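Read off the chains here:
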Amino acid sequence: GAVVSQHPSWVICKSGTSVKIECRSLDFQATTMFWYRQFPKQSLMLMATSNEGSKATYEQGVEKDKFLINHASLTLSTLTVTSAHPEDSSFYICSAPLGGFNEKLFFGSGTQLSVL
Amino acid sequence: AQSVSQHNHHVILSEAASLELGCNYSYGGTVNLFWYVQYPGQHLQLLLKYFSGDPLVKGIKGFEAEFIKSKFSFNLRKPSVQWSDTAEYFCAVNGDSWGKFQFGAGTQVVVTP
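Residues numbered from 1 in each chain as written. Chains lettered and ligands numbered in written order. Predicted model: local features only at pLDDT ≥ 70, side-chain atom pairs only at ≥ 80, totals over all residues. Heavy atoms only, no water.

A. Just the interface of chain A and chain B, in detail. The interface of chain A with chain B comprises 22 residues on the first partner and 18 residues on the second. The interface formed by chain A and chain B includes zero salt bridges. The interface formed by chain A and chain B contains one residue pair in polar contact (both at pLDDT 80 or more). Of all the secondary structure elements, the ones that give two or more residues to the side of chain A that touches chain B are β4 (32–38), β5 (44–51), β9 (90–98) and β10 (104–107) of chain A. (Contact = heavy atoms within 4.5 Å. Salt bridge = Lys/Arg side-chain N within 4 Å of Asp/Glu carboxyl O. Polar contact = N/O pair within 3.5 Å; in protein donor to acceptor, adjacent residues only side chain to side chain. Helix = DSSP H or I, 4+ residues; strand = E, 2+ residues; numbered from the N terminus.)

B. Structural context of the sheet that holds strand β3 (residues 19–25) of chain A. Residue and element names in this part refer to chain A. If you walk across this open sheet you meet the four strands as β1-β3-β8-β7, and the pairing is antiparallel. Whereas interior strands pair on both sides, the edge strands pair on one side only; in this sheet they are β1 (4–7) and β7 (67–73). Strand-to-strand twist of the sheet, defined as the mean angle between neighbouring strand axes without regard to direction, takes the value 15 degrees. (Pairing = 2+ DSSP bridges. Axes fitted to C-alpha atoms, helices over the stretch in contact; angles between N-to-C directions.)

C. Region of the structure containing the nonpolar core. Trp35, Phe74, Leu76 and Tyr89 of chain B are the most contacted members of the largest nonpolar core, which totals 28 residues. Top contributing element to this core by residue count: strand β10 (residues 87–94) of chain B, with four residues. Apart from the residues lying within four places of it in its own chain, the contact partners of Phe74 of chain B are Cys23, Leu33, Phe34, Trp35, Leu48, Tyr50, Val57, Ala65, Glu66 and Phe67 of chain B. Grouped together as the second largest cluster of nonpolar side chains are 27 residues, Val19, Met47, Ile69 and Cys94 of chain A included. (Core = buried A, V, L, I, M, F, W, Y, C linked by side-chain atoms within 4.5 Å. Buried < 20%, exposed > 50% of the residue type's maximum accessible area, 1.4 Å probe, protein only.)

D. A look at the environment of Tyr92 of chain A. Residue and element names in this part refer to chain A. With respect to the element layout, Tyr92 can be found in strand β9. A residue is classified by how much of its surface remains accessible, and Tyr92, at 0% relative accessible area, is buried. Between the alpha carbons of Tyr92 and Thr111 there is a distance of 5.1 Å; along the sequence they are 19 residues apart. Here Tyr92 is in contact with Gln6, Ile21, Tyr36, Arg37, Met47, Phe67, Leu79, Gly110, Thr111 and Leu113, once residues within four sequence places are set aside.

E. The arrangement of the packing of aromatic side chains in detail. For the structure shown, the criterion picks out 13 aromatic pairs over all chains. Ring centres 6.2 Å apart and planes at 45 degrees place the aromatic pair Phe67 of chain A and Tyr92 of chain A in the tilted group. Within this pair, whereas Phe67 of chain A is found in strand β7, its partner Tyr92 of chain A is found in strand β9, the two being separated by 25 residues in sequence. The buried category is assigned to Phe67 of chain A, whose relative accessible area is 5%. By the ring-pair criterion, three or more aromatic residues cluster together here, those being Tyr36 and Phe107 of chain A together with Phe34, Tyr36, Phe51 and Phe103 of chain B. (Phe/Tyr/Trp six-rings, centres within 6.5 Å; stacked < 30°, edge-to-face > 60°.)

Any functional reading would require information beyond the geometric quantities listed.
In structure tokens:
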């Protein structure tokens, strides 16, 4: 079946540094990918929609300058957390849809970010 | 804006017991409804979905869910759970636009032998 690979699965960084998270669709093309954030015992919160070849669409309240998204190819989207702070520590998950309208989402394994 | 509420954060039950996980959503328009499952150490994966038609939908591994429009509910059920059903279960709704899934907080289910 379809697979979405997310890397790294776990990262620790110092406050003020930037961290890049990659999301790849391994055996299918994804013109759109979605980035979610999850706090402990809370819902997955949609942060942004990544669009291949165009600008990402951010959800209300998500800082586009802090969470840079690049979707350079049909199989790769990246999320860069810039100038990370401890409050950015969270679990980030990417997903890619496959099939027709609203058919199915395939999820990456997630990235646990800890900012010291 | 739509929202999704899952009634239980944590459920513990014995093998062969019946399972029902509640999910309610708030959205006035047409919705598509999903249950996703995350087994320990694995990715989130689709368990079942409802788009239209028969409100009782069957999913993988013996799970089913019933859409009750009047109650804005989409509860997940399994008549007899197994130890391998230990996982976290997420209810999700999509009603605004393609791909913008709204997830519930998740229910951690632990099945004891």
